[in-house]
Amino acid sequence: MTETPPPRRARAEIDLGALRANVRTLRARVAPHVRIMAVVKADAYGHGAVRCARAALDAGADWLGTATPHEALALRAAGITDVPVMCWLWTPGDPWDRGIEAGLDMSVSGLWALEEVVEAARATGGTARIQLKADTGLGRNGCQPADWPELVERALKAQAEGLVEVTGLWSHFACADEPHHPSIAAQLDVFRSMLDHAEKAGVRPEVRHIANSPATLTLPEAHFDLVRPGIAMYGVSPSPELGTSAELGLRPVMSLKASVALVKRVPAGHGVSYGHHYVTGTETTLGLVPLGYADGVPRHASGRGPVLVDGTVRTVAGRVAMDQFVVDLGGEEPAPGTEAVLFGPGDGGEPTAEDWAVAADTIAYEIVTRIGARVPRVYLGE
Ligand SMILES: *Cc1c(COP(=O)(O)O)cnc(C)c1O
């Protein structure tokens, strides 16, 4: 049997050279003692976790970070065994024992998690590397200041028994992408006082950390021992307020491309796609782009999303469907198979993920992260 050839329909090109350059740019933005944790959760924001993890480590990242334990275990299973890997989104019943065996740094936000990890340490005979997470004001995961003394005390007790080692103290910002938002200074104050309490109680963490991409780029006072950039590593600006990728010295890593599947001439007054929300004003040509919301093209960008076809940026005509959408080519007749670029770095005239975020009324994080599993990733610069 011969293998099915790779689909011509569409591809997400992942420029690992750009990713490495972005990591080096971030490296240059932090003091030499500050470690970089490359955040590769959600399949590296849709870019491919294992390859991006390896590229980030090549370029000088020191740690890897994921949300779920399963994501972290997958990195270990892929052979990434010689660097610390942290994961922070635990649910009761998750495999703490596997995390201990894999040497993961496991985040603990509350007593239920400490109890489960201690039980797993007893059962496996190992010592769990745990990092205590403080809720300094985000109001999401993490331990409230009022509950912190008890969590710290119980963690130190388990450490004295050799069941855990508290390797880190950490937190996460709510509004680091909004420069000068009053919550930033308030969270830093709370973080410092929670660190102070834990250290006075006897915790000697390897790393203390709170900075995501926007804080890595704009708040040196928030770098502590380690920074946790995600989106910046993928070359996407965390927010228009902080500037474009280029202004931040970053290069977008993902380009989403498709091959135009059909070009045809239609008369004036022709409805286009479900609901006929677009009707041709004159006789024109339509191009069929074989990507849809199953591939992560947001249906909210119906009638708005930009696409570069044959040198001109066109707009999605009518609704984005599950597998395809249409652009009005204004009478031009590019050959079927012509490349349509939904987004890329932007310097070849193509739109960017940020442009799609505006079109879909969302953030660029969501645009790249939601590109579906049906779109093959093609790696450049390996
Ligand atoms: C996703 C995430 C990050 C990375 O955030 P970016 O804004 O993409 O840099 C850092 N820390 C935690 C806890 C996260 O969940």
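Going by the structure above, here's the rest.
Residues numbered from 1 in each chain as written. Predicted model: local features only at pLDDT ≥ 70, side-chain atom pairs only at ≥ 80, totals over all residues. Heavy atoms only, no water.

### Here's the deal with the overall build of the chain
Along the chain, the regular secondary structure elements total 11 helices and 19 strands. Its C-alpha atoms give the chain principal-axis dimensions of roughly 80 × 55 × 40 Å. The 382 residues of the chain split such that 53% are buried. Restricting the contact set of the chain to residue pairs at least 6 apart, pairs at least 24 apart contribute 66%. (Helix = DSSP H or I, 4+ residues; strand = E, 2+ residues; numbered from the N terminus. Buried < 20%, exposed > 50% of the residue type's maximum accessible area, 1.4 Å probe, protein only. Contact = heavy atoms within 4.5 Å.)

### Side note on the sheet that holds strand β10 (residues 254–259)
Taken together, 9 strands build an open sheet; the order of strands is β11-β14-β17-β16-β15-β18-β10-β1-β19 and the sheet is mixed. With partners counted over all chains shown, the strands left at the sheet margins are β11 (262–266) and β19 (377–380), one partner each. Here the average twist between neighbouring strands, direction ignored, is 35 degrees. Bridging between strand β14 (residues 284–289) and strand β17 (residues 325–328) involves 4 bridges; their strand directions are antiparallel. (Pairing = 2+ DSSP bridges. Axes fitted to C-alpha atoms, helices over the stretch in contact; angles between N-to-C directions.)

### A closer look at the site of the ligand
Taken together, 14 residues lie around the ligand, and Lys41, Tyr45, Ser213, Gly230 and Tyr365 are the ones closest in. Backbone polar atom of glycine 230 to an oxygen atom of the ligand: 2.8 Å apart, as the coordinates give it. In this structure, an oxygen atom belonging to the ligand sits 2.8 Å away from a main-chain N or O atom of isoleucine 231. Protein coverage of the free-state accessible area of the ligand, which is 390 Å², stands at 95%. Of all elements in the fold, only α2 (41–45) and α9 (213–218) reach the threshold of two or more residues within the shell around the ligand. (Near = heavy atom within 4 Å. Polar contact = N/O pair within 3.5 Å; in protein donor to acceptor, adjacent residues only side chain to side chain. Areas by Shrake-Rupley, 256 points an atom, 1.4 Å probe, with all protein chains shown as cover.)

### Digging into the environment of lysine 257
Take lysine 257: it is sitting in strand β10. Residue lysine 257 is classed as buried on the basis of its relative accessible area, which comes to 15%. C-alpha of lysine 257 to C-alpha of glycine 243: the two residues are 14 residues apart in sequence and 25 Å apart in space. For lysine 257, the residues in contact, after removing those within four places along its chain, are Arg9, Ala10, Arg11, Glu13, Leu291, Glu339, Ala340 and Val341. A distance of 3.0 Å separates the side chain of lysine 257 from the side chain of glutamate 13, its partner in a polar contact.

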